[in-house]
Amino acid sequence: MASEQDNCHLCKEYLRDAVSIPCGHIFCSICLKTYWDHADHTGTYLCPQCRVTYNKRPTPRRTGGSRYSSLQRNSDSFPPPPPSPDYNIAGPQDVGCDICVGKKNKAIKTCLMCLASYCERHLKPHYESATFKRHKLVDEIGHLDRQICPQHQKGLELFCRTDQMCICVLCTVKEHKGHDMVSAEQERADEQQRLGATQAEIQERIHDRLKQMEELKQAVDTLKNSAQRAMQECEKMFGDMIRSIERMQQEMAKMISTNKRAALNNADGHMERLTHEIADLKRRDNEITQLSRTEDHIHFIQSYHMLIAQTENEELPTVTVNPYFTFGPVSKAVSEMKQHMNEFSNDELVKVAKTINKMTFCQLEDSKKKHHSKGDDAPMYRSVQVQEPTHRDDFLKYACQLTLDPNTAYRQLYLSRGNRKAALKRDPQSYGDSSARFDSLPQVLCMEALSGGAYYWEVDWSGEGAAMGVTYRGIKRTGYGDSCRIGYNRKSWSLFCSDSSYSARHNKDQIEVNAPYSSRIGVFLDHAGGTLSFYSLGDTMSLIHRFKTSFSEPVYPGFWVWYESAITLIQL
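All values derive from a computational prediction rather than experimental measurement. (Residues numbered from 1 in each chain as written. Predicted model: local features only at pLDDT ≥ 70, side-chain atom pairs only at ≥ 80, totals over all residues. Heavy atoms only, no water.)

Student: Explain the overall build of the chain residue by residue, including any values.
Tutor: Each helix and strand in the chain was counted, giving seven helices and 24 strands. Summed over all atoms, the accessible surface of the chain reaches about 37500 Å², with 53% contributed by carbon and sulfur. (Helix = DSSP H or I, 4+ residues; strand = E, 2+ residues; numbered from the N terminus. Areas by Shrake-Rupley, 256 points an atom, 1.4 Å probe, with all protein chains shown as cover.)

Student: Explain the sheet that holds strand E17 (residues 492–498) residue by residue, including any values.
Tutor: Neighbouring strands of a sheet are bound in pairs by backbone hydrogen bonds; such pairs are parallel or else antiparallel. Read across the sheet, six strands follow the order E14-E23-E16-E17-E18-E19 without closing on themselves; strand pairing throughout is antiparallel. A single partner strand is all that each edge strand has here, and the edge strands are strand E14 (443–445) and strand E19 (509–513). Strand after strand, the sheet turns through a mean of 15° between neighbouring axes, direction not considered. Bridge count between E14 and strand E23 (residues 555–561): three bridges; the pairing is antiparallel. Considered in E23, the bridge of Gln443 is made with Trp560. (Pairing = 2+ DSSP bridges. Axes fitted to C-alpha atoms, helices over the stretch in contact; angles between N-to-C directions.)

Student: How would you explain the nonpolar core if you had to name every residue and give the values?
Tutor: Counting residues in each nonpolar core, the largest one holds 67 residues, and the members touching the most others are Leu404, Trp457, Ile521, Leu532, Phe534, Phe559 and Ile567. Per element, the largest residue contribution to this core is five residues, and it comes from strand E16 (residues 465–472). Setting aside anything within four residues of it in sequence, one finds Phe534 in contact with Met468, Gly469, Ser494, Leu495, Ile521, Gly522, Val523, Ser542, Leu543, Ile544, His545 and Phe547. Core analysis: the second largest hydrophobic core is formed by six residues, Phe524, Tyr535, Leu537 and Met541 among them. (Core = buried A, V, L, I, M, F, W, Y, C linked by side-chain atoms within 4.5 Å. Buried < 20%, exposed > 50% of the residue type's maximum accessible area, 1.4 Å probe, protein only. Contact = heavy atoms within 4.5 Å.)

Student: Which residues make up unusual backbone geometry, and what values go with them?
Tutor: The phi angle at Asp17 is positive, at roughly 50°, despite the residue not being glycine. Its place among the elements puts Asp17 in the segment before strand E1 (18–20). A relative accessible area of 32% places Asp17 in the partly exposed class. The backbone phi angle of Asn507 is positive, close to 55°, even though this residue is not glycine. Examined against the element boundaries, Asn507 turns out to sit in the loop between strand E18 (502–506) and E19.

Student: Which residues make up the pattern of salt bridges, and what values do they have?
Tutor: Within the structure shown, the criterion is met by 19 salt bridges. Of the charged contacts in the structure, one is a salt bridge between Arg161 and Glu187, with a shortest N-O distance of 2.9 Å. Of this pair, Arg161 sits in the loop between strand E9 (158–160) and strand E10 (165–167) while Glu187 sits in helix H4 (residues 184–293), and the two are 26 residues apart along the sequence. Note that Arg205 and Glu201 form a salt bridge whose closest N and O atoms lie 3.4 Å from each other. Taken together, the residues span about one helical turn, with Arg205 and Glu201 both in helix H4 at a distance of four residues. With relative accessibility at 33%, the residue Arg205 sits in the partly exposed group. By sharing partners, the salt bridges in this structure join Arg161, Glu187, Asp190, Glu191 and Arg194 into a single network. (Salt bridge = Lys/Arg side-chain N within 4 Å of Asp/Glu carboxyl O.)

Student: Please provide a residue-by-residue account of the side chain of Asp405, values included.
Tutor: You can see Asp405 is positioned in the loop between helix H7 (392–395) and strand E12 (413–416). Buried charge Asp405 goes without a salt bridge, the closest partner of opposite sign being Arg477 at 6.8 Å. Residues within four places of Asp405 in sequence aside, it is in contact with Leu415, Val444, Leu445, Cys446 and Met447. (Lys, Arg positive; Asp, Glu negative; His and termini not counted.)

Student: Residue-level account of the pairing of E23, with values.
Tutor: Of all seven residues that make up E23, seven are buried, and the element is covered over most of its length. Here E23 shows two buried faces, one formed by Val555, Pro557, Phe559 and Val561 and the other by Tyr556, Gly558 and Trp560. For E16 and E23, the ladder comprises seven bridges, and the chain directions are antiparallel. Residue Gly469 lies in a different strand from E23, and its bridge partner there is Gly558.

Student: How would you explain a nonpolar patch on the surface if you had to name every residue and give the values?
Tutor: Together, Ile202, Ile206, Leu210 and Met213 make up an exposed nonpolar region whose accessible area comes to about 380 Å². Its place among the elements puts Ile206 in helix H4. Assessed through its relative accessible area of 45%, Ile206 is described here as partly exposed. (Patch = residues over 30% accessible without salt bridge, like charges linked within 9 Å, V, L, I, M, F, W, Y side chains within 5 Å.)

Student: Account for the pairing of strand E22 (residues 541–548), with residues named and values stated.
Tutor: Where strand E21 (residues 531–537) and E22 come together, seven bridges link them in antiparallel fashion. Note on E22: the bridge partner recorded for Leu537 is Met541. Between E21 and the antiparallel strand that follows it, E22, lie three residues.

Student: Tell me about the side chain of Ser117, residues and numbers included.
Tutor: As for its placement among the helices and strands, Ser117 is situated in strand E7 (residues 116–118). For Ser117, a relative accessible area of 4% puts it in the buried group.

Student: I'd like to hear about the environment of Lys56, residue by residue, with values.
Tutor: Turning to its location among the elements, Lys56 is positioned in the loop between strand E4 (53–54) and strand E5 (61–62). Taking C-alpha positions, Lys56 is 8.4 Å from Asp499, a pair spaced 443 residues apart along the chain. If near-sequence neighbours (up to four positions away) are discounted, Lys56 is found in contact with Tyr45 and Asp499.

Student: How would you sum up the sheet that holds strand E24 (residues 566–569)? Please name residues and give values.
Tutor: Ordered in space as E12-E13-E24-E15-E20-E21-E22, the seven strands form an open sheet in which the pairing is antiparallel. Unpaired on one side and paired on the other, E12 and E22 mark the two borders of the sheet. Averaged over all pairs of adjacent strands, the angle between strand axes in this sheet comes to 20°, irrespective of strand direction. The pairing of strand E15 (residues 454–462) with E24 spans four bridges and is antiparallel.

These figures come from the coordinates and say nothing about function on their own.
This is the structure:
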């Protein structure tokens, strides 16, 4: 029995001349061509399976790795291509014609008299034959069994108000005998009036919601203006504080220079005095030496008494030097001032943060708990608090350097720039054998396992289509199935990028995202917090999509690359 990955999504048959498109889905060549040739589009093309949009018609690429393609290569004869799909044939979600034999056409009308649904061809007798003139035709309703009494197999024509249910004519004989019954038309008319009142109430709620939305928009504009003013005022005040600190720095430098100059001048004065005193003492010492050598006794006695009297009467002042004098206390005082300022600024910043966090911009109010409002009022919405950074400079604090792992790369993926760039080529690369390699899908993982903290990286992409995301190590590596595709299973999350749209994917969920085109994507992973966010990078950062989950093991960044496309990991 063929697996789902071997069947074409359009014709539900084995793939014939299989081709794939940038989002990775595979179809029969003739089925895809017929689908796009007959699709009602306005300049855009949709993938028949995942509904990703493209501004220009992608060029399908033949695949050579599916199981059925292998069977084709090993077969002596090739089966003929399937016929072009007939879009009048009823699909799984359509109601088929009750008259058609074999493949049923889509039913377009239901006859409440015949209790059957008809396609356009089998409906003609109801229009052309007088026999069916009294029959009542309605648009195909898709639940004809609800029009038949399950007990008597008759059409439901009456409404029992006692039991609040639709009944047939035979039900009035026994089961609902004596009950309050009216025709279905009468009950419809009564309920139509109540429906009108309900619709008026809904319209009033719409008006209230529109009013609340307008108030919220005005509040958002006020919030933006207030934030802008606060940023400007804070910038001015912090500028004033910076200039004040600079003035303090200048005053401190001036004070140090003044004291230094005064101390040096004082020292210079003492040095000059000591120099004169030393010269005078040396002169006297020289006179004593000469006097001691004289032979004139009278001259010796007279000069001796004069020198001795001069020396004994002279008192020289003592210059005392403080060997521990430094400007260290100044540095210590400035250091203490810095510490006090840091403590004060941190305390004040905490106070401001607490004050802001206590302020609620908008919140969800349970109307059942409001005594002054109606019990059925719809709630308002609370803005989501984002814990991750908002500016690129803040994201760069979590930047991590990633490297593509050649052992996981699809054989036609060409790695370059130190294993930071991957491009899909037509010729296989000379990679060695590895059980970790993706053998059928153009995918590659990074070497680094990310766990426990916050990480940020940026990716440049170009071409018709590429996807980026993260996956657990246990993602399947063989085959075309969803269990191998990054983003299509429980083990991985991804963002697919085309020239006109983005598509966020995890397991069976796919979310189409309308966001401006960007050739550079920023990825922020908070492994502990359970978030994976994708941002478009330009003059500013703009959030494309955020996954909220709980990671149970380390994850590896991974990429999917289409023909004539490439991804490049940016060194931050």
